[in-house]
Amino acid sequence: HTNLWVGGLPEGIDEGMFRTLFSRYGSIVSVKLVSEKRFGYVKYTAKGEAQAAIDALNGFECNGVKLSIKLAENKAGSTPGLLGANPFGISLPGGQPQS
């Protein structure tokens, strides 16, 4: 699993700053920033790179706010925990249960 969900981003962060923050931990396949909601996704080429970013940056203070980083539960573009896999095993509108 190489896709990370990143929450608690500082106000005013742009995609370039976001990419730079995570690029030191490995080769990035893609980033998706939702700056108005202060979260984003980072996809690495390897599992070890994603884990290194979690280990280094989860709880890290960036411009006065603490970052929250975890493996993304769903594909980039959806909100973790709302669509896709769910504890009831039912399909929600816009998502598919994952196995």
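The model shown is predicted, which means the values in this text are computed figures rather than measured ones.

### Topic: the overall build of the protein
And step 1. In terms of regular secondary structure, the protein is built from two helices and six strands.
And step 2. Ordered by position from N to C terminus, the α and β elements of the protein give β-α-β-β-α-β-β-β.
And step 3. By residue count, 36% of the 99 residues in the protein fall in the buried class.
And step 4. Sequence-distant contacts, at least 24 apart, represent 53% of the contacts inside the protein between residues at least 6 apart.

### What about the sheet that holds strand β2 (residues 28–34)?
And step 1. Strand order in the open sheet made by the four strands is β2-β3-β1-β6, with antiparallel pairing throughout. The open sheet has two free edges, formed respectively by β2 and β6 (68–71), since each of these has just one partner strand. Averaged over all neighbouring strand pairs, the angle between strand axes comes to 15 degrees, with direction disregarded.
And step 2. Two elements, strand β1 (residues 3–7) and strand β3 (residues 39–44), share five bridges in a ladder whose sense is antiparallel. Bridging across to β3, valine 6 finds its partner in glycine 40.
And step 3. The strands touched by helix α1 (residues 15–23) are β1, β2, β3 and β6; relative to β2, the strand with the most contacts, the crossing angle is about 135 degrees.
And step 4. Across the face of the sheet, helix α2 (residues 47–57) comes into contact with β1, β3 and β6 while running at roughly 155 degrees to β6.

### Quick notes on the nonpolar core
And step 1. If you look at the biggest cluster of nonpolar residues, it comprises 19 residues, and the most contacted ones within it are Phe18, Phe22, Val42, Tyr44 and Ile69.
And step 2. Among the secondary structure elements, those contributing two or more residues to this core are β1, α1, β2, β3 and α2.
And step 3. Phenylalanine 18 has contacts with Val6, Leu9, Ile13, Val31, Lys32, Leu33, Gly40, Tyr41 and Val42, leaving out every residue within four places of it along the chain.
And step 4. Among the nonpolar cores identified, the runner-up in size contains five residues, and Trp5, Val34, Phe39 and Ala72 belong to it.

### Here we look at unusual backbone geometry
And step 1. Here the phi dihedral of arginine 38 falls at roughly 60 degrees; this positive angle occurs in a residue that is not glycine.
And step 2. Structurally, arginine 38 can be placed in the loop between β2 and β3.
And step 3. Look at arginine 38 and you get partly exposed, because its relative accessible area is 32%.
And step 4. For asparagine 63, which is not glycine, the phi torsion reads 50 degrees and is therefore positive.
And step 5. In this structure, asparagine 63 sits in the loop between β4 (61–62) and β5 (65–66).
And step 6. Here asparagine 63 falls in the exposed class, since its relative accessible area comes to 64%.

### Side note on the pairing of β3
Two faces, one strand: in a regular strand the side chains alternate between the faces of the sheet.
And step 1. Of all the six residues making up β3, five are buried; the element is thus mostly covered by neighbouring parts of the structure.
And step 2. In this structure, β2 lies alongside β3, joined through six bridges in antiparallel fashion. For valine 34, the partnering residue across the bridge sits in β3 and is phenylalanine 39.
And step 3. Counted along the chain from β2 to the antiparallel partner β3, the turn is four residues long, and its residue arginine 38 has a positive phi close to 60 degrees.

Reading the values: rules and limits
- Residues numbered from 1 in each chain as written.
- Predicted model: local features only at pLDDT ≥ 70, side-chain atom pairs only at ≥ 80, totals over all residues.
- Heavy atoms only, no water.
- Helix = DSSP H or I, 4+ residues; strand = E, 2+ residues; numbered from the N terminus.
- Buried < 20%, exposed > 50% of the residue type's maximum accessible area, 1.4 Å probe, protein only.
- Contact = heavy atoms within 4.5 Å.
- Pairing = 2+ DSSP bridges.
- Axes fitted to C-alpha atoms, helices over the stretch in contact; angles between N-to-C directions.
- Core = buried A, V, L, I, M, F, W, Y, C linked by side-chain atoms within 4.5 Å.

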